[in-house]
Amino acid sequence: RKEVEQDPGPFNVPEGATVAFNCTYSNSASQSFFWYRQDCRKEPKLLMSVYSSGNEDGRFTAQLNRASQYISLLIRDSKLSDSATYLCVVNRRNFNKFYFGSGTKLNVKP
Amino acid sequence: DVKVTQSSRYLVKRTGEKVFLECVQDMDHENMFWYRQDPGLGLRLIYFSYDVKMKEKGDIPEGYSVSREKKERFSLILESASTNQTSMYLCASSFTGVPSYEQYFGPGTRLTVT
């Protein structure tokens, strides 16, 4: 079983739509959680960390559900520039290893 | 701004050649990582290093070795390149912390082995 699983998509949404991605992780010892964004042919870049209480950054909201071992990312009022692949990343307690999902592709269309 | 640089953006090598990929970070990060990224498989960890001269195998270390002689530099070595090592190679660095700090990535090296 993969450490981190994501729906690969693609999610095709119109501008202004709200879209949500989920990601599940298999190891309950996972401690740190992140969403990264990767544009085509570019390196991944941190979008936001995910905190236990949930956190929001502008149009983006991340939630963590430890009991069910999943994290989510909600994007409101989608922009064309949000088109990218979104990577879910987890890190286990006491390890310096990060586990990446294979990404969810989002296409925002005019 | 954190900067992670990689020695080449594109590289073409022949089967059996020894290949060196260099990565340099300028933020005094303790941890450095090498990943490869393939379609449908996501990022897979090859090796990481948490200090100078220290290294740990990741999930797919076979066919690779690494070197970290200075804190800012982490090298990936393909001892004898094979066609199945054609991939995008990404270097990353981070501080050590609990909970963990985010990773910063270099621009990647697209390696083709013919």
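Below is a short write-up of the structure.

## Re the nonpolar core
F21(A), W35(A), I71(A), L73(A), I75(A), Y86(A) and L106(A) are the most contacted members of the largest nonpolar core, which totals 24 residues. Elements with a contribution of two residues or more to this core: β3 (19-25), β4 (30-38), β5 (45-50), β7 (60-65), β8 (70-75), β9 (84-92) and β11 (104-109) of chain A. Beyond its immediate stretch of four places on either side in the chain, L73(A) contacts V19(A), A20(A), F21(A), W35(A), L47(A), M48(A), F60(A), T61(A) and Y86(A). I60(B), Y64(B), A81(B) and V113(B) belong to the second-largest nonpolar core, a separate cluster that totals 20 residues.

## So, the interface of chain B and chain A
The partner chain A presents 20 residues to the 26 residues of chain B that form the contact. Carbon and sulfur atoms make up 54% of the area that chain B and chain A hide from each other, which totals about 1,800 Å². Our count for the contact surface shared by chain B and chain A stands at zero salt bridges. For the pair chain B and chain A, the number of links is two residue pairs in polar contact (both at pLDDT 80 or more). Of all elements in the fold, only β4 (31-38), β5 (42-51) and β9 (87-94) of chain B reach the threshold of two or more residues within the side of chain B that touches chain A. Of all the elements, β5(B) adds the most residues to the side of chain B that touches chain A, at five residues. Of the residues in the side of chain B that touches chain A, the class split is 13 nonpolar, nine polar and four charged.

## As for the packing of aromatic side chains
In the structure shown here, the tally under the stated rule is 14 aromatic pairs over all chains. Ring geometry for F34(A) against F98(A): centres 6.0 Å apart, planes inclined by 40°, an arrangement best described as tilted. A residue pair is termed long-range when its members are at least 10 positions apart, and F34(A) in strand β4 and F98(A) in strand β10 (residues 98-100) qualify at 64 residues. By the burial criterion, F34(A) is buried, and F98(A) matches it. Ring geometry for F33(B) and Y35(B): centres 6.1 Å apart, planes at 20°, overall stacked. Taken together through their ring pairs, the aromatic side chains of F34(A), Y36(A), F98(A), F100(A), F33(B), Y35(B), F48(B) and F105(B) make up a single cluster.

Definitions and limits used
- Residues numbered from 1 in each chain as written.
- Chains lettered and ligands numbered in written order.
- Predicted model: local features only at pLDDT ≥ 70, side-chain atom pairs only at ≥ 80, totals over all residues.
- Heavy atoms only, no water.
- Core = buried A, V, L, I, M, F, W, Y, C linked by side-chain atoms within 4.5 Å.
- Buried < 20%, exposed > 50% of the residue type's maximum accessible area, 1.4 Å probe, protein only.
- Helix = DSSP H or I, 4+ residues; strand = E, 2+ residues; numbered from the N terminus.
- Contact = heavy atoms within 4.5 Å.
- Buried area = accessible area lost by both parts, 1.4 Å probe.
- Salt bridge = Lys/Arg side-chain N within 4 Å of Asp/Glu carboxyl O.
- Polar contact = N/O pair within 3.5 Å; in protein donor to acceptor, adjacent residues only side chain to side chain.
- Nonpolar A, V, L, I, M, F, W, Y, C, P; charged D, E, K, R; others polar.
- Phe/Tyr/Trp six-rings, centres within 6.5 Å; stacked < 30°, edge-to-face > 60°.

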